[in-house]
Every structure is written in structure tokens, then in C-alpha cells.
Amino acid sequence: MSYWVTPSEMAGLDRVTIAKGVPGEVLMERAGEAIAAVAARMIRPGEGPVEVWAGPGNNGGDGFVVARLLLERGFGVRVIAAFDRDRQLPEESEQNRRRFEDLGGELSYQSDHRPLPGAPPALMVDALLGTGFRGYLRDDAAEAAGVMRGRRCPVLAVDTPSGLNGETGDADPGAVRADVTVTLACPKIGLLLPPGCALVGTLILADIGIAPPSNADRLVMDVDLARGLLPRRPVDAHKGIFGRVLLLGGCEEMPGAPMLMTMGALRAGAGLVELCVPLPAAPAVAGRIPEALFSYFLPGDVTSMPDPESFTCAAIGPGMGDSVSTRKVMRHILTNWSLPLVLDADALNSLSGDLGLLSGYGSPLILTPHPGELRRLTGEDSKGLKTRWEAASRLAEGTGSVVVLKGRPSAVFHPSGGRILIPSGNNGLATGGSGDVLTGMIVSLLGQGMDAGDAAALGAYLHGLAADIAVSRTSRRSLIPTDVVAAVGAAYALIEDTRNNSLLHVEGSFNGRLWHHP
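A word on helix α7 (residues 256-267)
Then comes step 1: Here α7 is 12 residues long and its end C-alpha atoms lie 17 Å apart, about the 16 Å a rise of 1.5 Å per residue gives.
Then comes step 2: Residues A257, P258, M259, L260, M261, T262, G264 and A265 constitute the buried set of α7.
Then comes step 3: Close packing links the buried residues of α7 with β10 (244-248), β11 (272-278), α8 (282-285), β13 (313-316), α14 (434-447) and α16 (481-497).
Then comes step 4: Downstream of α7 by one or two residues, G269 has phi in the positive range, about 110°.

Observations regarding a nonpolar patch on the surface
Then comes step 1: Side chains of L279, F294, Y296 and L298 sit close together on the surface and give an oily, nonpolar patch of about 340 Å² of accessible area.
Then comes step 2: Structurally, Y296 can be placed in strand β12 (residues 293-297).
Then comes step 3: Overall, Y296 belongs to the partly exposed group, its relative accessible area being 45%.

Comments concerning the nonpolar core
Then comes step 1: With 115 residues, the main nonpolar core has V50, L156, M221, L247 and I366 as its most contacted residues.
Then comes step 2: With 13 residues, the single largest contributor to this core is helix α15 (residues 452-470).
Then comes step 3: With near-sequence residues (within four places) excluded, L156 lies in contact with I35, V38, A39, M42, L123, M124, V125, D126, V180 and V182.
Then comes step 4: The next biggest cluster of nonpolar side chains, apart from the first, holds 48 residues, and it includes L191, L203, L334 and L343.

Structural notes on unusual backbone geometry
Then comes step 1: Here the residue pair P194 and P195 is connected by a cis peptide bond, since its omega of 0° sits within 30 degrees of zero.
Then comes step 2: With respect to the helices and strands, P195 occurs in the loop between β7 (180-184) and β8 (202-206).
Then comes step 3: The residue after R408, namely P409, is reached through a cis peptide bond having omega 0°.
Then comes step 4: If you trace the backbone, P409 turns up in the loop between β16 (402-405) and β17 (410-413).
Then comes step 5: You will see that A185, though not glycine, has its phi angle at about 75°, which is positive.
Then comes step 6: Among the structural elements, A185 can be located in the loop between β7 and β8.
Then comes step 7: Given a relative accessible area of 11%, A185 falls into the buried group.

Details of the sheet that holds β10
Then comes step 1: Strands sit in the order β1-β9-β18-β17-β16-β15-β14-β13-β10-β11-β12 across an open sheet of 11 strands; the sheet is mixed. Here the strands that pair on one side only, and so sit at the sheet edges, are β1 (2-3) and β12.
Then comes step 2: Across four bridges, β17 lies against strand β18 (residues 419-422) in antiparallel orientation. Its bridge partner lying in β18, F413 is registered against R419.
Then comes step 3: Running at roughly 160° to β16, helix α13 (residues 385-399) makes contact with β15 (365-367), β16, β17 and β18 of the sheet.
Then comes step 4: Its contacts with the sheet place α14 against β10, β13, β14 (341-343), β15 and β16, and it is angled at close to 170° to β13.

A short note on the packing of helix α2 (residues 24-42) against helix α4 (residues 91-102)
Then comes step 1: Two numbers describe how α2 lies on α4: the axes approach to 10 Å, and their chain directions differ by 55°. With respect to their mutual orientation, α2 and α4 come out oblique. Crossing handedness for the pair α2 and α4: right-handed. Each of G24, E25, M28 and E29 in α2 lies in contact with α4, whose residues at this interface are E92, S93, Q95, N96 and R99.
Then comes step 2: In terms of residue class, the contact of α2 with α4 is built from one nonpolar, four polar and four charged.

Considerations on the environment of D497
Then comes step 1: Topologically, D497 is positioned in helix α16.
Then comes step 2: Overall, the relative accessible area of 57% leaves D497 in the exposed class.
Then comes step 3: C-alpha of D497 to C-alpha of L343: the two residues are 154 residues apart in sequence and 32 Å apart in space.

Describing the packing of helix α12 (residues 371-378) against α13
Then comes step 1: Between α12 and α13, the least distance of the axes is 11 Å, while the angle of their chain directions is 55°. By the angle between their axes, α12 is oblique relative to α13. Crossing angle aside, the handedness with which α12 passes α13 is left-handed. Across the interface between the two elements, P371, L374, L377 and T378 from α12 touch R388, A391, A392 and L395 from α13.
Then comes step 2: A per-class count over the contact of α12 with α13 returns six nonpolar, one polar and one charged.

Thresholds, definitions, all that
Residues numbered from 1 in each chain as written. Predicted model: local features only at pLDDT ≥ 70, side-chain atom pairs only at ≥ 80, totals over all residues. Heavy atoms only, no water. Helix = DSSP H or I, 4+ residues; strand = E, 2+ residues; numbered from the N terminus. Expected span 1.5 Å × (residues − 1). Buried < 20%, exposed > 50% of the residue type's maximum accessible area, 1.4 Å probe, protein only. Contact = heavy atoms within 4.5 Å. Patch = residues over 30% accessible without salt bridge, like charges linked within 9 Å, V, L, I, M, F, W, Y side chains within 5 Å. Areas by Shrake-Rupley, 256 points an atom, 1.4 Å probe, with all protein chains shown as cover. Salt bridge = Lys/Arg side-chain N within 4 Å of Asp/Glu carboxyl O. Core = buried A, V, L, I, M, F, W, Y, C linked by side-chain atoms within 4.5 Å. Pairing = 2+ DSSP bridges. Axes fitted to C-alpha atoms, helices over the stretch in contact; angles between N-to-C directions. Parallel < 35°, antiparallel > 145°, perpendicular 65-115°, else oblique. Left-handed = near helix turned anticlockwise from the far one by under 90°. Nonpolar A, V, L, I, M, F, W, Y, C, P; charged D, E, K, R; others polar.

This is the structure in C-alpha cells:
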């Protein structure tokens, strides 16, 4: 379980830890050990030199530790210092520079060499600047970042890619683009926010012995937390254990949306799934998904709808259209049913300005709006991430619902307060139908006995992780919702089987030891 912090808060935690008796040099050694371990999984000894770019601060000190440890493991290593020879370094950094050179390590200074020495590297380590960076890259750091961007080899960033603002997510246009980032002790909020999150690559959290305070508003989902939330599947299980899920959606013009919702529910592990659509959509839907049951109802006729007592939970909305019939169905359900519900798309649009129906519902509710649906539902201006988060939090507390606000990052808001950020996912999901798959996955987990908040958080993380795995085999530009559905099993397997419990986000492809761009 991890909690995000700002860079200034992280600096404060550093100081507190040192004041409690853990020397700064020990923290630097731990950081270097964690990063060197990741580097050793990205390449093997003999594949080419590792080139460490070290800045003049503590981030550069971490880089010297990484260089020394890799040298001791048999890797070819050289350090390029992005500062003048006579620059005075912090005590711990200077100590680790000397230890690297005493071991016979190759150290050169950026200003001394045109061109840079040696064979092209197999891996570059970005230890130029830390998470306290603000503004624009300048002088040696700007030149070093430009060289790193121009070389065609993987980049491993120490704590943050250089040039990324660790608090806002803003980035210098010349910032380093990492293939893997190992962030130390706590994820910094800027690594999770656009546009900077696009520079981070695979994001791994390293424990260096600094414990952040618990904060329910700052949870970040990771593989370890996701694994702990997975519904149990007894060895002697039968389909009745994993829920009977009802899905309502679709119309004549949009029959695909409820089918995508159904595929998501099935892949996420529901025991039985029944898709119920309005009669005009039935010819396009019936029999198309052999694993699901099928039924239909007459538009606007609530007496022809399935008996809710036969189901564990229900999801409503994808493809229904914002019509008189949809509004009538929603009013009936929220007035007369008692099932746990997931509401998406037109189920939400039909409730715009009428939140009393939600707050009066007596069973768990999960709402899954994108920013536009949130704006229509609440009537609030939702420009800017902070404003949207505040509106979603008020919606959750005011209606007693769990709210999944879709975006980058997606975030889950609890009615009693508290928020969890979802670091998985990519911009390939910005296509019609992605949210329908997510709705099906969340209701599937709800049907398997999960608490509403846990089902929402795990479903959102699993959905994003499936998308990340899917684009490891193709371009984000070509991702479609059925690709995400097909990768849900691989996402489950990664959560179940990975040894890296501190994996927050994956990007690139898996080389057998680590996710990164080849």
C-alpha cells in the first residue's frame, strides 16, 4: 500500500528519518541498491556499458551508488558528471563519487568531452535532477538531457525523469523520457499527473526505509494492494459463488455498448451474466455472446424487466440513450430495487439534476462518470483536475455512492471520504466502448462479493493494466475495447504472479525480468 506525497513533503520525511538515527548515507545506499537491482533486470553483463548521468545533488549521489554496485556485479559502467570538476558536492554524494573511483570506475565530465567517450551504452541511468525540479532545464542539465534523449537506448530514471516537476506534473519540453522510473519511498504526485506521467515509463516504488503517514485521501493502487483485493476462488468453487450479474443497456442505434459491458463482466470472473436490452436492440445482440444469458424488455415498460431478486447485482447504462424510456427505467429501479448497482453513461445522464434518487437508494451504488458526465450530473464546472476531483468527492459524499472518475489518472472516491488514484492505463483507452468494458468488470467484481469501494478500485486498476498489456503488442493508436477484454486474463496473471509488489504502472514489453521499452 502506498501514499503519494509532494516533493517538499518527501524532503521533510527524509529529514525526520535522518533525525531518528538513519544516516543520509544509509538512505542513499538503499536507494542505489534498489535502482541497481532494477538496472540488472533491464540488461545483462556483457550487453554493453551502463552510462550513468550524475547531477550535482543527492540524485547524482544515488547515481554514483548505482554505478559502483553495477561495477561490482560485473557490468561495464561509466559515469558522466553533468557539473564542473571543481563543483562541491553534498557530503554523501562526494563520498560515493570517491568510492566509485576507488573501485576503478570510469568518471568523465560532460564539459571535457566532444564527443562523449566510449561505445554506445546499452542502458543510461538518469541521475541528473531530483523531484524538487521546477521551471526549465538549464546549462549542463539541459545539455545532458538533450544527449540522453538523442541516444537510442533504454533510460532508467532515479526517482523521477529529469525535467519533470514532481508536484504538478509539468515538464520542460526537453525533459528526459524514461523507460523505467524507480521512485523512492513514496510516489510523488507529479509522476502520476499529465503531462509528466507520459515521461515516466514503467513506474516502480522502492522501499528505502522511509514510512509515509497513512492518508486516506492519498492512496495509490499498486500490484500488492490489488493482489490483496482479489476475490477468493475456492478450489471446489461453482458458478453460483461468483455472482449472478444483470446488465441493462443498449438501444437500436447502440447495440455494441452492452455487448462490450458483457465481455468485461465475463472476463473479470462473474459466475453468471445476463444481458437484458430493449426489444429494438435484441436482433443485433441475441446470441452474439454465447457465454452470457440473454433477455429483453419493452422500452419504457418496467413490468417487462427482469426480476431483480434473481440477481446479485446489476450494471445499467451503456448504450441506452438519454431518452424518456431510460429516465423512466432509472426512476423505477432507484425507487423499487435493492440490488447493489453500477451506473454508467446514459444511466447517469438521465439523472442530471435529480441526485435525490441516488441519495435515497438503500443499497451500494457505484457511479462511473467521465468528466463530461460528471459535469452534467452535478451541474458544476469541472475544468481542471483539482476542480474535477473536488466535484467527484462532493458527489460521492452527497449521494452515498462510490464514484469512479475516469481520466489520467482515474480516481475512486468513497462516500465517507478518501480517494485512491489508479496509475494504470494509457491514452489508447480514449476510444468509444472502453468505459463499457470497465463497467462490466466492476460489476463482475461486485457480484463476486467485493465491497463497492474495493470493486471499483480493483476494477479500474485491472482495466488500465489490461490496456497497458494490450499495447505492449500493438500501438496505442490502434487499441480497441475488445483488445482490452482479451488482455484481462494477462492482467490478472501479472497481479497474481509478479514478484515485484511495488509495481505501479507498466509500459513497454516484458523481457522476462522487467517491463520496459526494448
